[in-house]
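Observations on the three-dimensional arrangement
Single-letter residue listing:
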Amino acid sequence: METQIDIRHNIKCCYKLSESDVDVFLKILEVRRPITSQELSKMLKVSKTTVDGSLKRLVDIGLVIRKKSENGKIGRPTYIYYLPLGIEEKIESDLKRCADQMLNTKV
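Residues numbered from 1 in each chain as written. Predicted model: local features only at pLDDT ≥ 70, side-chain atom pairs only at ≥ 80, totals over all residues. Heavy atoms only, no water.

The protein chain has the name TrmB family transcriptional regulator in an unreviewed UniProt entry, where Acidianus hospitalis is given as its organism.

**Thoughts on helix 5 (residues 87–103)**
Filter applied, for reference: In this text, helices come from DSSP runs of H or I with a minimum length of four residues, and strands from runs of E with a minimum of two, each type numbered from the N-terminal end. Working rule for helices: expected span equals 1.5 Å times residues minus one. Buried means the residue's accessible area, taken with a 1.4 Å probe over protein chains only, is under 20% of the maximum for its type, while exposed means over 50%, and partly exposed covers the values in between. Directions from the helix axis toward the C-beta atoms define the arc.
Over its 17 residues, helix 5 runs 24 Å from end to end, which matches the ideal 24 Å to within 8%, given 1.5 Å per residue. Listed in full, the buried residues belonging to helix 5 are Ile87, Ile91, Asp94 and Cys98. With its buried residues spanning 70 degrees around the axis, helix 5 presents them on a single face. Opposite the buried face of helix 5, at more than 90 degrees from it, the exposed residues are Glu89, Glu92, Lys96 and Leu103.

**With respect to the pattern of salt bridges**
Side chains bearing opposite charge may pair, as long as their charged atoms lie close to each other. Operational definition: Whenever a carboxyl oxygen of Asp or Glu lies within 4 Å of a side-chain nitrogen of Lys or Arg, that contact is scored as a salt bridge.
Taken as a whole, this structure holds twelve salt bridges when the rule is applied. The partner of arginine 8 in a salt bridge is aspartate 23, with the nearest N and O atoms 2.5 Å apart. Note that arginine 8 is positioned in helix 1 (residues 4–15) and aspartate 23 in helix 2 (residues 19–31), a separation of 15 residues in sequence. The class for arginine 8 is partly exposed, based on a relative accessible area of 22%. Note that lysine 90 is salt-bridged to aspartate 94, the shortest N-O span being 2.8 Å. Remark: aspartate 94 and lysine 90 occur in helix 5; sequence separation between them is four residues, near one turn of the helix. For lysine 90, a relative accessible area of 31% gives the class partly exposed. Sharing partners across several salt bridges, the network here consists of Arg8, Lys12, Glu19 and Asp23.

**Digging into unusual backbone geometry**
The residue arginine 32 is not glycine, and still its phi comes out positive at about 55 degrees. Positionally, arginine 32 belongs in the loop between helix 2 and helix 3 (37–44). With a phi angle near 60 degrees, lysine 45 is a residue other than glycine that sits in the positive phi range.

**Here we look at the packing of aromatic side chains**
To keep it simple, the criterion reads: Aromatic rings from Phe, Tyr and Trp, with only the six-membered ring used for Trp, were paired whenever their centres fell within 6.5 Å, and each pair was classed as stacked if the ring planes differed by under 30 degrees, edge-to-face if by over 60, and tilted otherwise. Whether a charge sits over a ring depends on NZ of Lys or CZ of Arg being within 6 Å of the ring centre and within 35 degrees of the ring normal.
Following the criterion strictly, the structure yields zero aromatic pairs and no others. A cation over an aromatic ring shows up here: arginine 66 above the ring of tyrosine 79, its NZ or CZ 3.5 Å from the ring centre.

In structure tokens, the structure reads:
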């Protein structure tokens, strides 16, 4: 059985993510609901800039979806972030592919 440390390390290695990126991803996975970068920043006790950078990387690689919030306010838009359907299967498949690549690497 994999430990939380193994999962963190494997996700970080497979997707070439930073510790902050993994923290943000795992928090979204934990809360299981659409969430704003402001909420994530407060939950993780890190700056919004750090969270925004991580979210951009996670969206770019398809682990997180970004959607404009329909709050009806005037001004700068608010975005919500959530996981795509089937994310667990995607991660499992990607981690298996990464492991296979590592096992087939010749030194």
